[in-house]
Amino acid sequence: MLLSIVIFLPLLGVIAIALLRGLGAPTIKWVALLISLLTFAISIGLYTYDATATDDLFQLDQKLNWIPGIGASYHIGIDGISLWLVLLTTFLTPLCILAAWNSVEKGLSGFMMSLLALETGMLGVFCALDLLLFFVFWEAMLIPMYFLIGIWGGERRIYATIKFVLYTMAGSALMLVGILALYFQNGDSFDLVQLLAAEGSFTHANYLFLAFFIAFAIKVPLFPFHTWLPDAHVEAPTVGSVILAGVLLKMGTYGIVRFCLPLFPQAAADATSWVVPLAVIGIIYGALVAMVQPDLKKLVAYSSVSHLGFVVLGLFSQSGTGIQGSVLQMINHGLSTGALFLLVGMIYERRHSRMIVDFGGLAKKMPIFATIFLIVTLSSIGLPGLNGFVGEFKILLGSFVANAFSRWYVVFATSGVILAAVYMLWMYQRVMFGTPDNTNESLPDLNTRELTVLLPILVFIVWIGVYPNTFLDPMKPSIDAVAAEVKVGEEDTAPEVGQLINREESRDTVVLEIETAKPENDVEEALTK
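So, here is what we can say about the structure in this document. The structure presented is a predicted model; accordingly, all values stated were derived computationally and were not measured. (Residues numbered from 1 in each chain as written. Predicted model: local features only at pLDDT ≥ 70, side-chain atom pairs only at ≥ 80, totals over all residues. Heavy atoms only, no water.)

**Re the packing of helix 14 (residues 320-351) against helix 16 (residues 367-380)**
Next, step 1: Where helix 14 meets helix 16, the closest approach of the two axes is 9 Å, and the angle between their N-to-C directions is 150°. Here helix 14 is positioned roughly antiparallel relative to helix 16, judged by the angle of their axes. Read as a crossing pair, helix 14 and helix 16 show a hand that is left-handed. Seen from helix 14, the contacting residues are Ser336, Ala339, Leu340, Leu343 and Ile347; seen from helix 16, they are Phe369, Ile372, Phe373, Val376, Thr377, Ser379 and Ser380. (Axes fitted to C-alpha atoms, helices over the stretch in contact; angles between N-to-C directions. Helix = DSSP H or I, 4+ residues; strand = E, 2+ residues; numbered from the N terminus. Parallel < 35°, antiparallel > 145°, perpendicular 65-115°, else oblique. Left-handed = near helix turned anticlockwise from the far one by under 90°. Contact = heavy atoms within 4.5 Å.)

In structure tokens, the structure reads:
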């Protein structure tokens, strides 16, 4: 019941705003903010998830008959993976409402209603344990996002909106075909728990994997399905970009770890040979294109293509360490990139420009803004001590030690970390330092409302970087279960540093025994050891 309240409380906010829209803008703002804060406060109760209950990975579940004639049910629940994505969604939504407090000039009630309806759709996606219910929430999310970009977006908003919807619906059509195929193979049931119990014994699994994977790869977006993202980000209002980067893109990577890996483990293992190269191409390509962008918002948009390439790389590492790093990096990216879009939006409201060439010397006039921007920038490039480092390190470590095939790709992927430092620090240098022109002389620093939006994000950026176990421990059993489904566990393929040292010491011992053994039988015995 608690989970249903969290999912549908924002929808009650939509109804409340519709009924109270005649009372004026201040009332609409406060109703939306209070509903979103209440949703976040209630969602904190989900942290009661018991990670030690390995026999019951999906908890707080609720199952009701929905369409019994076709075997569809209202079945929801969370595990250690979806828990953090739900909390990320409820955390970012009130911050977005507060960030848009003074920036929406037309249709305020429609804007707030769309934002709250979007929250319900996203939460439903992360909690649904019925494939048809998942698909309904997946498609329902498109409607409010369509309005957010199409009505409150930039000059090319219609083009960006149609492109976003067409790409997503093309993937959704393939996913629907895959869902129906699984339905008929699962005794006319859409229940995900039953499907997971089947342990991947589906006919035409490779084709089913491909149907699901393409739908999720478009949403990530994975190269070469990424072309809708920069347009959507640039034309979306600031909070639209925050939600898009912070949560919506994670629906793609969540779909991969929830459906593609455990339902089709062998097909996922076979696909590693072409998914990993695509992820690495996306990492390097996104970084290189971001480096030459003159527009701050487009630079951050292409950085998402690069960062999410790391997430896909870790998911297909077939190791618990790599998958855990990817899930953590989903949260990290939502925080860091969401904060970057908020900062870009705040400076746009003052300067009415996102062009890097129009800035310079902001650190002198806006020292608080420059300090927060620096912390978020360092977080985005993975500085040790901040959140981005932990996720990327686990992804690279898990991918490198999992199998020989991935190692050279990991070497190339590591260049994405260097390139991220190049384009982010170069951007920061051009925007914050140098001589300010006359237009930038009078720009005010961050106000109390803007600091209230940014400081909670900074707290989590530092928290995850300093003590990530708060976030890693609850997700570990669920990730171990996924790793077990793909026949590879963290312990077998992604040892910790200490295990690697022990393995190296054992190898040296065997080599020494072979060198000192003279008779042939002794050599065979040493090799056996």
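**Re helix 3 (residues 82-99)**
Next, step 1: Relative to the 26 Å expected for 18 residues at 1.5 Å per residue, helix 3 spans 26 Å between its end C-alpha atoms, a close match to the ideal helical length.
Next, step 2: Across the 18 residues that make up helix 3, a large majority, 18, are buried. (Expected span 1.5 Å × (residues − 1). Buried < 20%, exposed > 50% of the residue type's maximum accessible area, 1.4 Å probe, protein only.)

**Some details on the layout of surface pockets**
Next, step 1: Of the pockets and cavities examined, the largest pocket occupies roughly 880 Å³.
Next, step 2: Ser103, Trp152, Pro237, Thr238 and Tyr348 are, among the 33 residues lining the largest pocket, the residues nearest its centre.
Next, step 3: Among the elements of the structure, helix 6 (142-152), helix 10 (228-235), helix 11 (238-263) and helix 14 are those that each provide at least two residues to the lining of the largest pocket.
Next, step 4: The leading source of residues in the lining of the largest pocket is helix 14, at seven residues.
Next, step 5: Taken together, the residues that form the lining of the largest pocket break down as 16 nonpolar, seven polar and 10 charged. (1 Å grid on protein atoms, 1.4 Å probe; cavity = no way out; pocket = protein on both sides within 12 Å on 5 of 7 lines; lining within 4 Å. Points joined across faces, edges and corners; volume = space filled by probe spheres on them. Nonpolar A, V, L, I, M, F, W, Y, C, P; charged D, E, K, R; others polar.)

**Focus on the environment of Gly178**
Next, step 1: Turning to its location among the elements, Gly178 is positioned in helix 7 (residues 157-185).
Next, step 2: Sequence separation of Gly178 and Phe212 is 34 residues, and the distance between their C-alpha atoms is 6.5 Å.
Next, step 3: The residues touching Gly178, leaving out its near neighbours within four places in the chain, are Leu208, Ala211 and Phe212.

**Concerning the packing of aromatic side chains**
Next, step 1: Applying the stated criterion to the full structure yields 33 aromatic pairs.
Next, step 2: Judged by centre distance (6.3 Å) and plane angle (40°), the ring pair of Phe8 and Tyr74 falls under tilted. Of this pair, Phe8 sits in helix 1 (residues 2-20) while Tyr74 sits in strand 2 (residues 72-78), and the two are 66 residues apart along the sequence.
Next, step 3: The class of Phe8 is partly exposed, set by a relative accessible area of 30%.
Next, step 4: Each ring, one from Phe126 and one from Tyr254, has its centre 5.3 Å from the other, and the planes form 85°; the classification is edge-to-face. Within this pair, whereas Phe126 is found in helix 4 (residues 108-127), its partner Tyr254 is found in helix 11, the two being separated by 128 residues in sequence. (Phe/Tyr/Trp six-rings, centres within 6.5 Å; stacked < 30°, edge-to-face > 60°.)

**A short note on the pairing of strand 1 (residues 59-67)**
Next, step 1: Sheet analysis places strand 1 next to strand 2, joined by six bridges and oriented antiparallel. Residue pairing in the sheet places Asn65 in a bridge with Ser73 of strand 2.
Next, step 2: Where strand 1 hands over to strand 2, the hairpin turn is made up of four residues, of which Gly71 adopts a positive phi near 80°. (Pairing = 2+ DSSP bridges.)

**Remarks on helix 12 (residues 265-291)**
A turn of α-helix holds 3.6 residues, and therefore any two residues three or four places apart point the same way.
Next, step 1: Compared with the 39 Å implied by 1.5 Å per residue over 27 residues, the 37 Å span of helix 12 between its first and last C-alpha is a close match.
Next, step 2: Along helix 12, the sharpest change in direction is near 55° and occurs at Thr272. (Bend = angle between axes of the 7 residues up to and from the residue.)

**Focus: the pattern of salt bridges**
When charged atoms on two side chains of opposite charge get close, those side chains can pair.
Next, step 1: Taken as a whole and assessed by the stated rule, the structure comprises seven salt bridges.
Next, step 2: A salt bridge links Lys476 to Asp480; its shortest N-O distance comes to 2.9 Å. Of the two residues, Lys476 and Asp480 are both situated in helix 20 (residues 469-485); the distance of four residues between them amounts to about one turn of the helix.
Next, step 3: Given the relative accessible area of 34%, Lys476 is considered partly exposed.
Next, step 4: Residue classification places Asp480 among the partly exposed positions, given a relative accessible area of 29%. (Salt bridge = Lys/Arg side-chain N within 4 Å of Asp/Glu carboxyl O.)

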